[in-house]
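Take a look at the letters that make up each chain.
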Amino acid sequence: MDEGTRRRIEEYVRPLAVGLDGVINYGDIRRMVSAAERLAAGLEGIDRDLLFLLAAFSGQEKWVSRMGHRSRTEIFLSSQGVSPETIRRLLRGLARFETAPGTLEEELVHDAVRLEAMGAYGIARGLAEAYRERHDVSEMAAAIEAAARAPLRTAAGRRLADERRELMLEFARRLRAEHDQFAG
């Protein structure tokens, strides 16, 4: 898949991702693709086009699975030269990569999604989402801990997660302690 095709696919996904949850922005699509590609670095047997598509469409599983949107997506991807088999693998993978990835590409995107929710970047995004949802401080701390403890499927993902997890667990601990200090 050439850069022009990737750019057109990103433009297709952009309005789906931008602002729907109040947190995601267009740059997050590129971050997700970059994270998945970094995790795949040096690995052989990876379908790079499928990896790109899974990463670009991550977060859009529900939208793509809806009646009409699925066929619209299939038609668009087909018009961009994506093979019917790759489209089938994308749609199958979107339905399962977060909970039960079935291919290496799905595992890589699974870990990329988890890594986006970790570390300082993950804390910032999580707090923005928690604020939007009106969570209290103890709920925020619990969500940060849960994100820090989320399992990763690849060795590369686990290596990148180590430092991020430490930061998050320390942040959650301090958040609770400082909140409790004046909780009366």
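Just so it is clear, the model here is predicted, and its values are computed rather than measured. (Residues numbered from 1 in each chain as written. Predicted model: local features only at pLDDT ≥ 70, side-chain atom pairs only at ≥ 80, totals over all residues. Heavy atoms only, no water.)

1. Digging into the overall build of the chain
Point 1. Of regular secondary structure, the chain possesses ten helices and zero strands.
Point 2. Reading the chain from its N terminus to its C terminus gives the helix and strand order α-α-α-α-α-α-α-α-α-α.
Point 3. Taking 184 residues into account, the globule formula puts the C-alpha radius of gyration at 16 Å, and the chain, at 18 Å, falls close to it.
Point 4. By principal-axis analysis of the C-alpha atoms, the chain measures approximately 60 × 35 × 25 Å.
Point 5. Out of the 184 residues in the chain, the part that is buried amounts to 41%.
Point 6. Of the accessible surface of the chain, which amounts to about 10,200 Å², a share of 51% is contributed by carbon and sulfur atoms. (Helix = DSSP H or I, 4+ residues; strand = E, 2+ residues; numbered from the N terminus. Rg over C-alpha atoms; globule rule 2.2 N^0.38 Å. Buried < 20%, exposed > 50% of the residue type's maximum accessible area, 1.4 Å probe, protein only. Areas by Shrake-Rupley, 256 points an atom, 1.4 Å probe, with all protein chains shown as cover.)

2. Comments concerning helix H10 (residues 155-181)
Point 1. For H10, with 27 residues, the first-to-last C-alpha span of 39 Å sits near the 39 Å given by 1.5 Å per residue.
Point 2. Buried within H10 we find Ala-156, Gly-157, Ala-161, Met-168, Ala-172 and Leu-175. (Expected span 1.5 Å × (residues − 1).)

3. Focus on the nonpolar core
Point 1. Core analysis: the biggest nonpolar cluster contains 47 residues, and Ile-9, Leu-53, Phe-57, Leu-77 and Leu-90 have the highest contact counts within it.
Point 2. Among the elements that take part in this core, helix H3 (residues 48-57) stands out by supplying eight residues, more than any other.
Point 3. Beyond its immediate stretch of four places on either side in the chain, Leu-53 contacts Met-1, Ile-9, Leu-77, Val-82, Thr-86 and Leu-90. (Core = buried A, V, L, I, M, F, W, Y, C linked by side-chain atoms within 4.5 Å. Contact = heavy atoms within 4.5 Å.)

4. Comments concerning helix H6 (residues 84-94)
Point 1. Listed in full, the buried residues belonging to H6 are Thr-86, Ile-87, Leu-90, Leu-91, Gly-93 and Leu-94. What you see down the axis of H6 is that its buried residues fit within an arc of 165 degrees, all on one side.
Point 2. The inward-facing, buried residues of H6 contact H3, helix H4 (61-65), helix H5 (69-79) and helix H7 (104-116). (Arc of directions from axis to C-beta.)

5. Remarks on the pattern of salt bridges
Point 1. With the rule as written, the count across this model stands at 14 salt bridges.
Point 2. The shortest N-O distance in the salt bridge between Glu-116 and Arg-31 comes to 3.0 Å. Placement of Glu-116 in helix H7 and of Arg-31 in helix H2 (residues 26-40) is noted, with a sequence separation of 85 residues between them.
Point 3. Residue classification places Glu-116 among the buried positions, given a relative accessible area of 8%.
Point 4. Note that Arg-173 and Glu-170 form a salt bridge whose closest N and O atoms lie 2.6 Å from each other. (Salt bridge = Lys/Arg side-chain N within 4 Å of Asp/Glu carboxyl O.)

6. Description of the confidence of the model for the chain
Point 1. Taken residue by residue, the chain gives an average pLDDT of 91. The fraction at 70 or more is 94%.
Point 2. The spread of mean pLDDT over the elements of the chain runs between H4, the lowest at 83, and H3, the highest at 97. (pLDDT = per-residue confidence, 0-100.)

7. Details of the packing of H5 against H6
Point 1. Interaxial distance between H5 and H6 falls to 10 Å at its minimum, and their mutual angle equals 140 degrees. Note that H5 runs across H6; the crossing there is right-handed. Where H5 approaches H6, its residues Arg-70, Glu-74, Leu-77 and Ser-78 are matched on the opposing element by Ile-87, Leu-90 and Leu-91.
Point 2. A breakdown of the residues in the contact of H5 with H6 according to their chemical character gives four nonpolar, one polar and two charged. (Axes fitted to C-alpha atoms, helices over the stretch in contact; angles between N-to-C directions. Left-handed = near helix turned anticlockwise from the far one by under 90°. Nonpolar A, V, L, I, M, F, W, Y, C, P; charged D, E, K, R; others polar.)

8. Here we look at the side chain of Gln-80
Point 1. The topology assignment puts Gln-80 in the loop between H5 and H6.
Point 2. Given a relative accessible area of 18%, Gln-80 falls into the buried group.
Point 3. A polar contact is formed between the side chain of Gln-80 and the side chain of Arg-8, at a distance of 2.6 Å.
Point 4. Sequence-distant contacts of Gln-80, defined by excluding residues within four places in its chain, comprise Thr-5, Arg-8 and Ile-9. (Polar contact = N/O pair within 3.5 Å; in protein donor to acceptor, adjacent residues only side chain to side chain.)

9. Section: the packing of aromatic side chains
What characterises a pair of aromatic rings is the spacing of the ring centres plus the angle enclosed by the ring planes.
Point 1. On inspection of all chains with the given rule, the structure shows three aromatic pairs.
Point 2. Relative to Phe-57, the ring of Tyr-12 has its centre 6.2 Å away and its plane inclined at 55 degrees; by these criteria the two rings are tilted. Of this pair, Tyr-12 sits in helix H1 (residues 3-17) while Phe-57 sits in helix H3, and the two are 45 residues apart along the sequence. The two residues Tyr-12 and Phe-57 agree in class, both being buried.
Point 3. Consider the rings of Tyr-12 and Phe-76, whose centres lie 4.2 Å apart with planes at 5 degrees: the pair is stacked. You can see Tyr-12 sitting in helix H1 and its partner Phe-76 sitting in helix H5, a full 64 residues away along the chain. Of the two residues, Tyr-12 and Phe-76, neither departs from the other in class, the shared state being buried.
Point 4. A network of ring pairs unites the aromatic residues Tyr-12, Phe-57, Trp-63 and Phe-76 as a single cluster. (Phe/Tyr/Trp six-rings, centres within 6.5 Å; stacked < 30°, edge-to-face > 60°.)

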